[in-house]
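Topology and contacts: notes
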Amino acid sequence: SLSAGLDLPGRFLFATLTLMTLIAILVFIEEAVYIYRKIPSSKRSIIIWINAAAPVISTTSCIGMWVPRSTMFTDFTAGIFFAIVIHKFLMMMIKECGGQKVLLRRFENGHFTISTGPCCCCCLCLPRVPITRQTLFWLKLGTFQLAVFRPVLVFLSIVLWTNGNYVLNNLSPKRPALWISCFIGALTLFALWAVGIMFRKVRILLKCKNIIPKFALYQFIVILNHLQTTIINIFAAQKIIPCAPPLSSTARGSYIAQQLLIMEMFLITVISRVVYRRKYHDLEPLECGVAEEPGDKTQTP
C-alpha cells in the first residue's frame with residue numbers, strides 16, 4: 001500500500017497536507033454558512049460556487065495523492081468544476097453591477113475593449129465593441145461553452161482511456177490525447193478572454209466591492225491549476241524530474257503537482273474567506289459611481 005511505502009518524513013508530509021485539506025473544507029463550510037445567511041439570494045449560489053473552487057481542487061489533489069490510480073479522474077473532476085466556476089465568475093460581475101438591465105443602462109454608450117488577454121492582448125488594432133444585449137450574450141456564451149463542452153470532452157477521454165486509446169502523456173499527432181488537450185485549451189482561452197473583457201470594463205465600477213482582489217484570486221487558481229500543473233507534467237514527461245523508485249518520473253511529477261496544489265489552494269481558501277466576507281446587501285450598485293474609460297460617454301441612469 002501507499003502508506004507502507006512511505007518513510008517517517010513522507011508520512012508526516014502526507015498527514016500535514018491531508019490536515020490542510022480538511023481545514024480548507026471546514027473553512028469553506030463556515031464561509032458558505034455565512035454567505036447563505038448574509039448575502040442576498042440572487043448572488044448566494046454564485047458566490048458559494050466561486051468560493052468552492054479552491055477547496056474542491058485541494059480535495060481532488062489530496063485524493064489523487066493518496067490514491068495514485070485515481071489521478072486522471074480527480075484531475076478531470078477539478079477541471080470540470082473550474083470550467084463551471086469560470087462561467088459563474090462572469091455572472092457574478094454582471095450581478096454585482098445590478099444585473100444585466102442595470103449594466104446596460106449604466107454603460108449605455110460604452111464599449112468593450114476586446115484587445116485583452118489571454119487571446120488578443122497584442123492586437124491593439126481591434127475595434128471596440130458597443131455594449132449591447134447581444135455583446136453580453138456573446139460574452140456569456142464564451143464562458144458557458146466551456147462549462148458544456150469540457151464535461152463532454154472529459155467523458156470522451158475516459159471512454160477512450162478505458163479502451164487504451166487515450167494516454168495522457170502520449171502527445172503523438174496520431175493519438176487523441178493531443179487533439180483533445182488542444183481543443184480543451186482553445187475553449188479555455190476563449191472563456192478566460194470573455195472574463196477578461198468584462199473585468200476590464202467593470203473593474204473601476206466594482207472597486208468598492210473588492211472585485212480586483214477577487215479577480216486576482218481567480219487568476220491565481222487558473223495559473224496554478226492549469227499552467228503550473230502543465231509545466232510540471234511536461235518536465236516529468238521529459239525526465240527533467242528524475243524518478244525515485246518505486247515512483248517513475250511521471251508519477252513523481254504528479255505527486256509534486258498535487259502537493260503544491262494542496263498548499264496553494266489552502267492559502268487561497270483562507271484569503272478568499274477574508275476577501276468575500278463582507279455585507280454586500282449594504283452596498284448598492286448605483287452608489288458605487290460610474291467607471292469611465294477614455295472614449296466612452298457613459299451615462300448614469
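Residues numbered from 1 in each chain as written. Predicted model: local features only at pLDDT ≥ 70, side-chain atom pairs only at ≥ 80, totals over all residues. Heavy atoms only, no water.

Things to note about the environment of Glu31
Summarising the element assignment, Glu31 is placed in helix α1 (residues 8-38). The class of Glu31 is buried, set by a relative accessible area of 2%. Residues Glu31 and Asn51, spaced 20 residues apart in sequence, show a C-alpha to C-alpha distance of 8.3 Å. Setting aside chain neighbours within four positions, we find Glu31 in contact with Asn51, Arg273, Tyr276 and Arg277. (Helix = DSSP H or I, 4+ residues; strand = E, 2+ residues; numbered from the N terminus. Buried < 20%, exposed > 50% of the residue type's maximum accessible area, 1.4 Å probe, protein only. Contact = heavy atoms within 4.5 Å.)

Remarks on the nonpolar core
Generally speaking, soluble globular proteins have nonpolar side chains that are buried together. Counting 65 residues, the largest nonpolar core has Phe89, Met93, Met198 and Tyr218 as its most contacted members. Broken down by secondary-structure element, the contributors of at least two residues to this core are α1, α2 (41-66), α3 (71-96), α4 (100-106), α5 (133-162), α6 (176-202), α7 (211-237) and α8 (249-276). For Phe89, the contacting residues outside a window of four places in its chain are Ile50, Val195, Ile211, Lys214, Phe215, Tyr218 and Tyr276. Counting nine residues, the second-largest nonpolar core is a separate cluster that includes Leu17, Ala24, Cys62 and Phe266. (Core = buried A, V, L, I, M, F, W, Y, C linked by side-chain atoms within 4.5 Å.)

Overview of the UniProt feature "transmembrane region" (unreviewed entry) in the chain
Summarizing the sequence annotation, UniProt attributes the feature "transmembrane region" (unreviewed entry) to residues 12-34, 46-67, 73-91, 137-161, 176-195, 215-236 and 256-276 in the numbering used throughout. A distance of 33 Å separates the end C-alpha atoms of residues 12-34, which is 100% helix and 0% strand. Along residues 215-236 the backbone is 100% helical and 0% strand, and the end-to-end C-alpha distance reaches 31 Å. (UniProt positions renumbered as here; feature names shortened; annotations may be inferred.)

Examining the pattern of salt bridges
Using the criterion set out here, one finds four salt bridges in the structure. A salt bridge links Lys43 to Glu96, with the nearest nitrogen and oxygen atoms 3.1 Å apart. Of the two residues, Lys43 sits in helix α2 while Glu96 sits in helix α3, which places them 53 residues apart along the sequence. On the accessibility criterion, Lys43 (11% relative accessible area) is buried. Between Lys209 and Glu96 there is a salt bridge, and its shortest N-O distance comes to 3.2 Å. Highlighted residues: Lys209 in the loop between α6 and α7 and Glu96 in helix α3, separated in sequence by 113 residues. Of the two residues, Lys209 and Glu96, neither departs from the other in class, the shared state being buried. Several salt bridges converge on common partners, so that one network encompasses Lys43, Glu96, Lys209 and Lys214. (Salt bridge = Lys/Arg side-chain N within 4 Å of Asp/Glu carboxyl O.)

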